[in-house]
Amino acid sequence: MRRLWTPAWIARHVAMVVLVVGFLGLGWWQISRAAAGNSLSWGYAVEWPIFAGFVVYVWWREVKLARRKAVEADAPPADPAVEPAPTVTTGSRPAVRRPVRVSRVPAGGDVVEDTDLAAYNHYLSWLNANPGARPGDYPG
C-alpha cells in the first residue's frame, strides 16, 4: 500500500479526483441548461458522468495493477532448479506453455543482390557517418 503514496501516485489520485469532480460538475451544468430548454444539453448531461466513470475505471485498473506488481515484487524468488508444471487456465488468460524452439537454417544457394536495398543501406551508413547533415546533402 505504501507504493500508492509516492509523489507520482499522489498526483494521479489528485488528477482523478479533479477530473471526476469537474466532469460531474459539467454534467450538472448541462442538466441545468437542458432544464432551461436547451434540448441538445440532455445528451451532454449523460455524456459527462460517463466520462467521470471512465476516469474512475482507469484509475482503479491502474491501482489494481500496481498492487499486483507490488505483491509479485515482494514474493520470494522461485527456485530455478525446480521447474514448475505448465498451467492451463480457462478464462480470459491464455495457457502458459513452454516456448517452441525453432532451429535456424542459414540461407544458402544463390544470393541475389537487391540494388535498392544496397543503395538504401549505403544512404543510412552515410547518414550515420554524418550526423549533422541534411538529407539534401547526400552526394549519392
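Thresholds, definitions, all that
- Residues numbered from 1 in each chain as written.
- Predicted model: local features only at pLDDT ≥ 70, side-chain atom pairs only at ≥ 80, totals over all residues.
- Heavy atoms only, no water.
- Phe/Tyr/Trp six-rings, centres within 6.5 Å; stacked < 30°, edge-to-face > 60°.
- Lys NZ or Arg CZ within 6 Å of the ring centre and 35° of its normal.
- Salt bridge = Lys/Arg side-chain N within 4 Å of Asp/Glu carboxyl O.
- Buried < 20%, exposed > 50% of the residue type's maximum accessible area, 1.4 Å probe, protein only.
- Core = buried A, V, L, I, M, F, W, Y, C linked by side-chain atoms within 4.5 Å.
- Helix = DSSP H or I, 4+ residues; strand = E, 2+ residues; numbered from the N terminus.
- Contact = heavy atoms within 4.5 Å.
- Axes fitted to C-alpha atoms, helices over the stretch in contact; angles between N-to-C directions.
- Parallel < 35°, antiparallel > 145°, perpendicular 65-115°, else oblique.
- Left-handed = near helix turned anticlockwise from the far one by under 90°.
- Expected span 1.5 Å × (residues − 1).
- Patch = residues over 30% accessible without salt bridge, like charges linked within 9 Å, V, L, I, M, F, W, Y side chains within 5 Å.
- Areas by Shrake-Rupley, 256 points an atom, 1.4 Å probe, with all protein chains shown as cover.
- pLDDT = per-residue confidence, 0-100.

**Student:** Give me the lowdown on the packing of aromatic side chains, citing residues and values where you can.
**Tutor:** Following the criterion strictly, the structure yields seven aromatic pairs and no others. Each residue in the set Phe 23, Trp 48 and Phe 51 is aromatic and connected to the rest through ring pairs, giving one cluster. Taking NZ or CZ as reference, Arg 12 lies 4.6 Å from the ring centre of Trp 9, over its face.

**Student:** Tell me about the pattern of salt bridges, and name the residues and values.
**Tutor:** Pairs may arise between side chains of opposite charge once their charged atoms sit close together. Counted under the stated rule, the structure contains two salt bridges. Notably, a salt bridge pairs Arg 61 with Glu 62, separated by 3.9 Å at the nearest N-O pair. Owing to a relative accessible area of 40%, Arg 61 belongs among the partly exposed residues under this scheme. Between Arg 134 and Asp 137 there is a salt bridge whose closest N-O contact spans 3.6 Å. Exposure remark for Asp 137: the relative accessible area of 40% places this residue in the partly exposed category.

**Student:** Give me the lowdown on the nonpolar core, citing residues and values where you can.
**Tutor:** If you look at the biggest cluster of nonpolar residues, it comprises six residues: Met 16, Val 20, Phe 23, Trp 48, Ala 52 and Val 55. Only α1 (7-35) and α2 (41-74) provide two or more residues apiece to this core. Other than its neighbours up to four places away in sequence, Val 20 contacts Ala 52, Val 55 and Val 56.

**Student:** Pulling in residues and values, what's your account of the packing of α1 against α2?
**Tutor:** The interhelical angle for the contact between α1 and α2, taken along N-to-C directions, is 165 degrees, at an axis separation of 7 Å. Between α1 and α2, the angle is such that the two are roughly antiparallel. Note that α1 runs across α2; the crossing there is left-handed.

**Student:** Hey, could you go over α2 for me, with residue numbers and the actual values?
**Tutor:** Here α2 is 34 residues long and its end C-alpha atoms lie 50 Å apart, about the 50 Å a rise of 1.5 Å per residue gives. Contacts made by the buried residues of α2 are with α1.

**Student:** Can you tell me about a nonpolar patch on the surface, naming the residues and giving the values?
**Tutor:** A surface patch of nonpolar side chains, about 410 Å² in accessible area, is lined by Trp 5, Ile 10, Val 14 and Val 18. Position of Ile 10 relative to the elements: it lies in helix α1. Taking the relative accessible area as the measure of exposure, Ile 10 reaches 37% and is therefore partly exposed.

**Student:** Quick rundown of the confidence of the model for the protein? Include the residues and the values.
**Tutor:** Taken residue by residue, the protein gives an average pLDDT of 84. The fraction at 70 or more is 83%. Confidence, expressed as mean pLDDT per element, reaches its minimum in the protein at helix α3 (residues 115-129) with 89 and its maximum at α1 with 95.

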